[in-house]
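Structural features, examined
This is what each chain is made of:
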Amino acid sequence: MDVKVTNQYSDTISIMLGNGTFQSIQNYNVGRQPMYTVSMTFNNNTKLDLRVVSFYDAAISIVIGNGNGIFKNQKNYTVGIFPYCLISIDFDHAQKMDLAVVLYTEKMITVLLGDGNGTFSRQNSYTIVRFLASIITVDFDNNKKMDLNVANQWDNVMVATDFNNDKKLDITIVNFDDRTLRLLSGDSEENISPQNLYLTGADPSSLKSADLNNDNQLDLAITNFDNGDLSFVLNICD
């Protein structure tokens, strides 16, 4: 497993390649105050690329990967005032990766439809009634169409996956103000109910899910803004 981190005050992203431990950090310059990044193959060459939200540039940066942990050829797309985070998935079933970008102060989501070669040519915008903080996409109603779930407060970040192996989607949310991680468990009626609360480090700001210790269970990694470190929550579900 490798790790990528956005550095808001140095306008860079850091890449740490893993092999049981982490190798030397590689830094790449991006736009002003990068807030969020996703990795995906956007130009169908099986090599991971990066998409980075640049908060003060009102843009996203496209950084193409070489397939060996090295990235090049940055391209910027203007999306709207204060983009905060983004997700990537094939929304229109065209077998090309698209993007959905949260615009914090405009209370809006902008969807960029991909051309399949790492570029985006069409944008659609959707207005939401509150300030937006984070966004996830999951087929919540099992109709084979991807839905969007948005956190409406700036201090919440979400991940949706099946943490307890019951074949039902659960949601985890980190809260910046009270320094907690909350697990919301899904049921067969597509309802979500509170379950467990965990303490994090100071001011948790982002959240990722992966099998960190190779036990076939999904764990969580949390960045702590004030501490400048990471918290790990290991899944011990049977």
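This structure is a prediction, so every number in the text was calculated from the model and none was measured.

1. Considering the pairing of strand S6 (residues 59–65)
Consecutive side chains of a regular strand alternate in pointing toward one face of the sheet and then the other. Along S6, seven of the seven residues are buried, which leaves the element largely enclosed by surrounding structure. Every second residue of S6 is oriented toward a common face, with Ala59, Ser61, Val63 and Gly65 on one face and Ile60, Ile62 and Ile64 on the other, all of them buried. The pairing of strand S5 (residues 49–54) with S6 spans five bridges and is antiparallel. Pairing of leucine 50 across the sheet is with valine 63, part of S6. The turn linking S5 back onto S6 is made up of four residues, and alanine 58 within it adopts a positive phi angle of 55°.

2. Some points on the pattern of salt bridges
What the rule picks out here adds up to two salt bridges. For aspartate 57, the salt bridge identified is with arginine 32, shortest N-O distance 2.7 Å. Remark: arginine 32 occurs in the loop between strand S3 (26–29) and strand S4 (34–40) and aspartate 57 occurs in the loop between S5 and S6; sequence separation between them is 25 residues. Linking aspartate 203 and arginine 179 is a salt bridge whose minimum nitrogen-to-oxygen distance equals 3.6 Å. Here aspartate 203, found in the loop between strand S17 (192–199) and strand S18 (204–210), pairs with arginine 179, found in the loop between strand S15 (170–175) and strand S16 (180–186); they are 24 residues apart in sequence, far enough to count as distant. The class of aspartate 203 is buried, set by a relative accessible area of 13%. You can call arginine 179 partly exposed: its relative accessible area is 37%.

3. Quick notes on the sheet that holds strand S19 (residues 219–224)
The sheet built from three strands is open, its strands ordered S18-S19-S20 with antiparallel pairing. The open sheet terminates on both sides in strands that have one partner only, identified here as S18 and strand S20 (229–233). Averaged over all neighbouring strand pairs, the angle between strand axes comes to 20°, with direction disregarded. As paired elements, S18 and S19 share six bridges and run antiparallel to each other. When the bridges of S19 are listed, proline 204 appears paired with asparagine 224.

What counts and how
- Residues numbered from 1 in each chain as written.
- Predicted model: local features only at pLDDT ≥ 70, side-chain atom pairs only at ≥ 80, totals over all residues.
- Heavy atoms only, no water.
- Buried < 20%, exposed > 50% of the residue type's maximum accessible area, 1.4 Å probe, protein only.
- Helix = DSSP H or I, 4+ residues; strand = E, 2+ residues; numbered from the N terminus.
- Pairing = 2+ DSSP bridges.
- Salt bridge = Lys/Arg side-chain N within 4 Å of Asp/Glu carboxyl O.
- Axes fitted to C-alpha atoms, helices over the stretch in contact; angles between N-to-C directions.

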